[in-house]
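Each chain, written out:
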Amino acid sequence: MTATPRIRILLAEDHALVRQGVKLILDAEPDLEVVAQAADGAEAASLVREQEVDLAVLDVAMPRMTGLQAAREISRRRDAPAILMLSMYDNEQYFFESLKAGASGYVLKSVADQDLVEACRAAMRGESFLYPGVTSTLVRNYLERVRRGERAQAGGLTPRENEVIKLIAEGHPSSEIAEALTISLKTVERHRSNILAKLGMRDRTQLTRYAIRAGLVEP
């Protein structure tokens, strides 16, 4: 029986001890393997050009070139690997900048031993990883803006489209959305295309960000 290939990971972290600790967490999993290591963003971007990797795990703040800068450069490649950001900052701005830079998720170093492995697997499935604290933080910020009298941008979406985007953000596949709203699969896909076009977005990660900021996702 042929063994399933392991996910080849590039790990970029400027602190050697932290990098070694994260490597131990990843290498302990049967489906994950750190095959390249970098101490800064520039080295990470260079290694992606030289070596085949499936996933790049980048520290947000590194010397020479930050992880965010490296993520932007790496994501522009035609054969770009999936990207995850690793950070000590539980910060909304860093989180959104990471998504804009092309990352599939954002993992806090303080809980890396709990979240990083699942985040890696989610990224390789083409899914976004939202660490538990970020959803409650964003919803709380949204509610505070509402109390101050600010209104979320509706983006010109119809009530039905808001229902669809909410279910997408909650992680439901198209088949479940069709069943929940009693519409056809083809109609769900048409709604999805219309939503992306209206909001100027291209994937589920961006839709999830919009849904959280617009208050469509419940706390």
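The rules behind the values
- Residues numbered from 1 in each chain as written.
- Predicted model: local features only at pLDDT ≥ 70, side-chain atom pairs only at ≥ 80, totals over all residues.
- Heavy atoms only, no water.
- Helix = DSSP H or I, 4+ residues; strand = E, 2+ residues; numbered from the N terminus.
- Buried < 20%, exposed > 50% of the residue type's maximum accessible area, 1.4 Å probe, protein only.
- Contact = heavy atoms within 4.5 Å.
- Pairing = 2+ DSSP bridges.
- Axes fitted to C-alpha atoms, helices over the stretch in contact; angles between N-to-C directions.
- Parallel < 35°, antiparallel > 145°, perpendicular 65-115°, else oblique.
- Left-handed = near helix turned anticlockwise from the far one by under 90°.
- Nonpolar A, V, L, I, M, F, W, Y, C, P; charged D, E, K, R; others polar.
- Salt bridge = Lys/Arg side-chain N within 4 Å of Asp/Glu carboxyl O.
- Arc of directions from axis to C-beta.
- Polar contact = N/O pair within 3.5 Å; in protein donor to acceptor, adjacent residues only side chain to side chain.

Chemist: Whenever I open this one, the side chain of His 191 confuses me. Can you help?
Modeler: Topologically, His 191 is positioned in helix H9 (residues 185-199). For His 191, a relative accessible area of 15% corresponds to the buried category. Setting aside chain neighbours within four positions, we find His 191 in contact with Arg 160, Glu 161, Val 164 and Ile 183.

Chemist: What should I look at first to understand the pairing of strand E4 (residues 82-87) in this one?
Modeler: As a general feature of sheets, a regular strand has side chains that alternate between the two faces. For E4, the buried fraction is high: 6 of the 6 residues fall into the buried class. Burial along E4 is two-sided: Ala 82, Leu 84 and Leu 86 and Ile 83, Met 85 and Ser 87, pointing in opposite directions, are all buried. Sheet topology places strand E3 (residues 55-59) next to E4; 5 bridges connect them, and they run parallel. By the bridge assignment for E4, Ala 56 is matched with Ile 83.

Chemist: How should I be thinking about the packing of helix H7 (residues 159-169) against helix H10 (residues 204-213) in this particular structure?
Modeler: Helix packing geometry: the angle between the two helix axes and the distance between the axes. Contact geometry for H7 and H10: axes closest at 9 Å, N-to-C directions at 110 degrees. Classified by the angle their axes make, H7 and H10 are roughly perpendicular. Once H7 is placed against H10, the crossing between them reads as left-handed. Across the interface between the two elements, Ile 165, Ile 168 and Ala 169 of H7 pack against Arg 204, Leu 207, Thr 208, Tyr 210 and Ala 211 of H10. Here the residues of the contact of H7 with H10 are counted per class, giving 6 nonpolar, 1 polar and 1 charged.

Chemist: Sorry if this is basic, but what is going on with the pattern of salt bridges here?
Modeler: This model, assessed by the stated rule, comprises 18 salt bridges. Across the pair Asp 54 and Arg 8 runs a salt bridge, and its minimum N-O distance is 3.0 Å. Pair noted here: Asp 54 is in the loop between helix H2 (41-50) and E3 and Arg 8 is in strand E1 (residues 7-12), with a separation of 46 residues, a long-range link. The class of Arg 8 is partly exposed, set by a relative accessible area of 30%. For the salt bridge of Glu 163 with Arg 160, the shortest nitrogen-to-oxygen distance reads 2.9 Å. Separated by 3 residues within a single helix, Glu 163 and Arg 160 lie in helix H7, roughly one turn from each other. Taking relative accessible area as the criterion, Glu 163 reaches 37% and is therefore assigned partly exposed.

Chemist: What am I meant to see in H2 here?
Modeler: Each α-helix winds once per 3.6 residues, and so residues spaced three or four apart point in a common direction. For H2, every residue scored as buried is listed here: Gly 41, Ala 44, Ala 45, Leu 47 and Val 48. One face of H2 carries all of its buried residues, which in axial projection span an arc of 160 degrees. On its buried side, H2 packs onto E1, strand E2 (32-38), E3 and helix H3 (67-75). Between the side-chain oxygen at the start of H2 and the backbone nitrogen of Ala 42 there is a gap of 3.0 Å, and the oxygen is on Asp 40.

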